[in-house]
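Structure at a glance
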Amino acid sequence: DASPAAVEKRYSHLPFFRACAAIGRHHGILSFYDGLAPAVAKGALTNCVRFVGYKGILRASGREENASAMESFGAGAVAGAISAVISQPVDTVKANMMGLDRGVYASSLDCARAIVKADGVRALWNGGGPRVVRVFFEV
């Protein structure tokens, strides 16, 4: 049985290294890299938006050169929140590609299409609220 529940049950009782070996034997070594492309894309997008946004916010406030610690924190928090909103669709696809249903999708684009078809475009931002709050304070 290749259902997600069966796959999870097959390895959940094993110690970590035995589970890794069994997964490698059963699914192949490349299975450990499922979802790598969307994870890298999400990280690149998030960091680009965050760093450019941070600098832009400080520049717009006229405090680029001599920002206080609170101003720097505020700019980082806002830039982080903006990056979370912008990158949430990529994060949603990444989570689906790396989850138990990963074998259902042919590609990241296929995954995004399936999400939109099943639940609409807004579904790409599911889970965005808590992520924005977390990223806001993470900076």
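A few points on the structure. The shown structure was predicted, so the numbers you read here are calculated from the model rather than taken from an experiment. (Residues numbered from 1 in each chain as written. Predicted model: local features only at pLDDT ≥ 70, side-chain atom pairs only at ≥ 80, totals over all residues. Heavy atoms only, no water.)

Right, let's get into the overall build of the protein chain. Of regular secondary structure, the protein chain possesses six helices and zero strands. Reading the helices (α) and strands (β) of the protein chain from amino to carboxyl end gives α-α-α-α-α-α. Here the protein chain holds 139 residues, and the buried ones make up 27% of them. Roughly 8900 Å² of accessible area belongs to the protein chain as shown, and the carbon and sulfur atoms make up 65% of that amount. (Helix = DSSP H or I, 4+ residues; strand = E, 2+ residues; numbered from the N terminus. Buried < 20%, exposed > 50% of the residue type's maximum accessible area, 1.4 Å probe, protein only. Areas by Shrake-Rupley, 256 points an atom, 1.4 Å probe, with all protein chains shown as cover.)

Scanning the model with the defined rule gives eight salt bridges in all. Taking the shortest distance from any N to any O, the salt bridge between Glu 64 and Arg 59 comes out at 3.3 Å. By relative accessible area, Glu 64 is classed as partly exposed at 25%. Between Arg 63 and Glu 71 there is a salt bridge, with its nearest N and O atoms 3.0 Å apart. The partly exposed category is assigned to Arg 63, whose relative accessible area is 29%. Taken together, the shared-partner salt bridges connect Lys 42, Asp 91, Lys 94 and Arg 131 into one network. (Salt bridge = Lys/Arg side-chain N within 4 Å of Asp/Glu carboxyl O.)

Scanning all chains against the criterion turns up two aromatic pairs. Pairing Phe 16 with Phe 17 gives two aromatic rings, centres 5.1 Å apart and planes at 75°, and the pair type is edge-to-face. Like Phe 17, Phe 16 is exposed. Considering the side-chain rings of Phe 136 and Phe 137, the 5.0 Å spacing of their centres and the 80° angle between planes classify their relative orientation as edge-to-face. On the basis of relative accessibility, which here comes to 29%, the residue Phe 136 falls in the partly exposed class. (Phe/Tyr/Trp six-rings, centres within 6.5 Å; stacked < 30°, edge-to-face > 60°.)

At a minimum axis separation of 9 Å, helix 4 (residues 69–98) and helix 5 (residues 108–119) run at an interaxial angle of 105°. Regarding the angle of helix 4 to helix 5, the classification is roughly perpendicular. When helix 4 is examined against helix 5, the residues Thr 92, Val 93, Asn 96 and Met 97 are found in contact with a partner set consisting of Ser 108, Cys 111, Ala 112 and Ile 115. Its residues placed into classes, the contact of helix 4 with helix 5 shows five nonpolar, three polar and no charged. (Axes fitted to C-alpha atoms, helices over the stretch in contact; angles between N-to-C directions. Parallel < 35°, antiparallel > 145°, perpendicular 65-115°, else oblique. Contact = heavy atoms within 4.5 Å. Nonpolar A, V, L, I, M, F, W, Y, C, P; charged D, E, K, R; others polar.)

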